[in-house]
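# Analysis of the macromolecular model
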Amino acid sequence: MKSFTSRRARAIMVVIATGSLVLTGCSENKGGSTNKDSKKDQAEASVQSKPVVYGDAAASTGPAKEVPGAKSGGTIEVYQEQGLTHLDPGQIYVSDAGQMANLLFRGLTNFQEDGKGNTSVVGDLATDSGKSSDGGKTWTYTLKDGVKDQNGNVITSADIRHTVERQYAEFIFDGPTYLQTWLSGPKYRKALPDGGFGSKHLPASVLDTPDPKTVIFHFAAPQPDLPQTLAMPGYTVVPEKTDTKAKYDTAPVSSGPYKIAEYKAGKSMKLVKNENWDPKTDSVRHQYVDGFNFDFGVTESTQTSRLIADQGASKNAIQLTGSVESTQIQDVVGNAAVNKRTIKGYQPYVMVLNFNLDRVKNKAVREAVAYGVNSKSLIAGEGGAYGGDVAPNLFAPTLPGYEPDYDPYGRLKAPQGNITKAKELLKDVPAAEKKLVFAYANSEAGQKRKVAIVDALTKIGIDVVAKEVDAASYSEQVAKLKNPYDIYINGWGQDWPSPATVVTPVYDGDQVADGSPNYSHINDPEVQKLIKKALTQQPTEAAVTWREAHHYIMEKVVPSAPLWYTKQLQLFGSNIGGARYSAESSYIDVTQLFLKS
């Protein structure tokens, strides 16, 4: 997290850890920019790599600080192109559902922002961000009084235990795996195959709930980043009494300020106030509006046109994870009145073209593609300088250890691709190995990306077979181990400012599984060795090891080709109040919104 200044002098403690920042996960939605100066943008983005500050009980006590000028009442309209990937908290690891989660669900901890660039981790269901002992191997949480779910049931330590244990179940496949892995190792499912739904539970030596208010985690190694891990939507509470297993994904139970009144998958969703949410227990969220109406299937170009026009219901509307459509960016930034209704920021995502290593086994082919892809064309489709910057490597400017000049494939010198070098690498490759199946999402952004990829790879001699995939399930489809695709674009951003939250989930062979963000299925012994080494080192030493791992992955394995770093530009209606950029989510901060009239 960014450093945080509490409203009360004694309210925080600085934690020496690897760092913290954002819930991001793999999902990316095309963004805009703070300005056209990439170096300035990247310098500003680097503040997101500050060390974390953890809040104590005073910082974690509600209600949340009032938003200046806030009023109550009304309904906010929400435009979104694709439907939500998941509603089950345990399955949430992408940005659209992550945005939704902050309205619906609460976890032991959460991220708290002050609107001035400072972010902290505070207690959410818990009284504080956690108390560590035994050198960081043991963490204790005490639940707040009076926290209930939407049905009026008091949330107890049994619900927290259940939330953790259900992550071990087979039907949970798309969420984060940090906590389970730390508690039970990389093969964690074997420790609790039925996810706690039977008679067996994790032993008290791993997860202890000695009374209804206390939760104690015991780890084999120090886990200084646990508070920000628990702040991820993937670890928000699922009340034990109302868990319907796989069916929970369509009808979850709320613990946040809003609850689902109506849901038509892929079409619409209506949120209304959760009467059992108590603002006195919540130091992060507000409940200013009466509800939110989500309209799915609205393309980014339509979203942008409606919000520029600012008529009728659009005055009360926001974009959830969509952005200003690239061809209309100048209509927004060139009009002072419209530009005032934007939020802007540098996102932590690195967009890459992943290779399915089970299918694309020839390293020469992977290197040729890495040289030949046209970042310039791809970025043009995202809005040019407002949409992103060329990515020379796999670490974003928001990440500690970012090397702006590390560019093994010459992306900075030749952002349009090095066709000559790519063709040279392919000259002795059999024709069959130069035929690649490319999966792309059937969204406006996906269509533009398809055109750019097919054009660039065709020029270097690759026979590209483009396959359209439903945008709402795109991440899920390409995350299947037996997917029928050779290459696909994904974006990954740090879960907090540490290379561990990039290298481990995306390039760790222990993470190869259905639903894992290890989209390339990389499982390299040297990478495994370096990851294990870095995870046992202090931050300064670990930084050197993470750098070594990064270079080895890019040059010796080539599981993906870096494409671009993303920026954010979102538009909202003139009657929306409290709009601000969230460094935690990289989108509009949905916890602060109200209607002006």
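Above this text sits the structure in question.
Predicted model only: the values in this text are computed from it and were never measured.

## A look at the overall build of the protein
Within the protein, the regular secondary structure consists of 17 helices and 21 strands. Taken against the 2.2 N^0.38 rule, which gives 25 Å for 597 residues, the C-alpha radius of gyration of the protein at 23 Å falls within 12% of a compact globule. For the C-alpha atoms alone, the extent of the protein along its principal axes is close to 70 × 55 × 45 Å. Looking at the protein as a whole, 62% of its 597 residues are labelled buried.

## Observations concerning the packing of aromatic side chains
The geometry of an aromatic ring pair comes down to the distance between the two centres and the angle between the two planes. On inspection of all chains with the given rule, the structure shows 16 aromatic pairs. A ring pair is formed by Phe 294 and Phe 296, whose centres lie 6.3 Å apart and whose planes are at 25 degrees; its orientation type is stacked. One exposure class covers both Phe 294 and Phe 296, and it is buried. Through a chain of ring-to-ring contacts, three or more aromatic side chains come together here, namely Tyr 141, Tyr 178, Trp 182, Phe 217, Phe 219 and Trp 496. Sitting over the face of the ring of Phe 197, Lys 245 holds its NZ or CZ atom 4.8 Å from the ring centroid. Above the ring of Tyr 79, the side-chain terminus of Arg 306 is found at 5.1 Å from the ring centroid.

## Describing helix α4 (residues 157-165)
Most of α4 is tucked away, with 8 of its 9 residues classed as buried. All of the buried residues in α4 are Ser 157, Asp 159, Ile 160, Arg 161, His 162, Thr 163, Val 164 and Glu 165. Turning to α4, the residues buried within the fold contact α5 (178-184), β8 (207-211) and β9 (214-218).

## Here we look at the pattern of salt bridges
What the rule picks out here adds up to 21 salt bridges. Residue Arg 166 is joined to Asp 88 by a salt bridge in which the shortest nitrogen-to-oxygen separation is 2.8 Å. Note that Arg 166 is positioned in the loop between α4 and α5 and Asp 88 in the loop between β3 (75-80) and α3 (95-104), a separation of 78 residues in sequence. Each member of the pair, Arg 166 as well as Asp 88, is classed as buried. Linked by salt bridges that have partners in common, Arg 106, Asp 124, Asp 282 and Arg 285 make up one network.

## Here's the deal with the environment of Thr 181
Positionally, Thr 181 belongs in helix α5. With 142 residues separating them in the primary sequence, Thr 181 and Ser 323 have C-alpha atoms 35 Å apart. Filtering out sequence-adjacent residues up to four positions away, Thr 181 remains in contact with Pro 186, Tyr 188 and Gln 511. From its side chain, Thr 181 meets the backbone oxygen of Thr 177 in a polar contact 2.8 Å long.

## Some remarks on the sheet that holds strand β7 (residues 138-142)
Taken in spatial order, the 4 strands make up an open sheet running β6-β7-β9-β8, and their pairing is antiparallel. Both edges of this open sheet fall to β6 (131-133) and β8, since each of them pairs with a single strand only. Put simply, the sheet's adjacent strands are angled 20 degrees from each other on average, direction ignored. One ladder, built from 5 bridges, connects β7 with β9; its direction is antiparallel. Across the sheet, the residue bridging to Thr 140 is Ile 216, located in β9.

## A word on the environment of Gln 180
Inspection of the secondary structure puts Gln 180 in helix α5. Setting aside chain neighbours within four positions, we find Gln 180 in contact with Gln 167, Tyr 168, Gly 185, Tyr 188 and Tyr 235. Side-chain polar atoms of Gln 180 contact the backbone oxygen of Pro 176, separated by 3.0 Å.

## Some details on the nonpolar core
Counting residues in each nonpolar core, the largest one holds 105 residues, and the members touching the most others are Tyr 141, Leu 179, Phe 217, Leu 226, Leu 353, Leu 457 and Ile 489. Judged by nonpolar contacts, the second largest core, of 28 residues, contains Val 78, Ile 92, Ile 576 and Val 590.

## A short note on the side chain of Ser 586
Checked against the element boundaries, Ser 586 lands in the loop between β20 (576-577) and β21 (594-595). Those residues within four positions of Ser 586 in sequence are excluded, and the remaining contacts are Gln 347, Pro 348, Gln 568 and Tyr 581.

## Quick word on unusual backbone geometry
In this structure, Pro 63 follows Gly 62 across a cis peptide bond, with omega equal to 0 degrees. Along the chain, Pro 63 falls in the loop between α2 (57-60) and β3. Positive phi is not limited to glycine here, since His 521 has a value of about 65 degrees. Assignment of secondary structure puts His 521 in the loop between α15 (500-507) and α16 (525-535). The backbone of Val 558 sits at a positive phi, close to 60 degrees, despite the residue not being glycine. Within the element layout of this structure, Val 558 appears in the loop between α17 (539-557) and β19 (560-571).

## Topic: the pairing of β3
In this sheet, strand β12 (residues 291-296) lies alongside β3 in parallel orientation, the contact comprising 6 bridges. What sits directly across from Tyr 79, in β12, is Asp 295. The sheet contact formed by β3 and strand β13 (residues 317-319) spans 3 bridges and is parallel. Bridging across to β13, Glu 77 finds its partner in Ala 317.

## Things to note about helix α11 (residues 375-382)
Among the residues making up α11, those that are buried are Ser 375, Leu 378, Ile 379, Gly 381 and Glu 382. Taken down its axis, α11 places every buried residue within 155 degrees of arc, on the same side. Exposed positions of α11 whose direction lies more than 90 degrees from the buried face are Lys 376 and Ala 380. The backbone nitrogen of Lys 376 has a side-chain oxygen 3.1 Å away, supplied by the residue at the start of α11, namely Asn 374. One or two steps after α11, the chain reaches Gly 383, where phi turns positive at roughly 120 degrees.

## Comments concerning the sheet that holds β19
Pairing within the open sheet is mixed, and its 6 strands lie in the order β15-β19-β14-β18-β16-β17. Both outer strands of the open sheet, β15 (388-390) and β17 (463-469), are each paired with one neighbouring strand and no more. Recorded for the sheet is a direction-independent mean angle of 30 degrees between the axes of neighbouring strands. By the bridge criterion, 6 bridges tie strand β14 (residues 342-355) to strand β18 (residues 487-492) in an arrangement that is antiparallel. Within the sheet, the bridge partner assigned to Met 351 lies in β18 and is Gly 491.

Here is what the cut-offs are and how they apply
Residues numbered from 1 in each chain as written. Predicted model: local features only at pLDDT ≥ 70, side-chain atom pairs only at ≥ 80, totals over all residues. Heavy atoms only, no water. Helix = DSSP H or I, 4+ residues; strand = E, 2+ residues; numbered from the N terminus. Rg over C-alpha atoms; globule rule 2.2 N^0.38 Å. Buried < 20%, exposed > 50% of the residue type's maximum accessible area, 1.4 Å probe, protein only. Phe/Tyr/Trp six-rings, centres within 6.5 Å; stacked < 30°, edge-to-face > 60°. Lys NZ or Arg CZ within 6 Å of the ring centre and 35° of its normal. Contact = heavy atoms within 4.5 Å. Salt bridge = Lys/Arg side-chain N within 4 Å of Asp/Glu carboxyl O. Polar contact = N/O pair within 3.5 Å; in protein donor to acceptor, adjacent residues only side chain to side chain. Pairing = 2+ DSSP bridges. Axes fitted to C-alpha atoms, helices over the stretch in contact; angles between N-to-C directions. Core = buried A, V, L, I, M, F, W, Y, C linked by side-chain atoms within 4.5 Å. Arc of directions from axis to C-beta.

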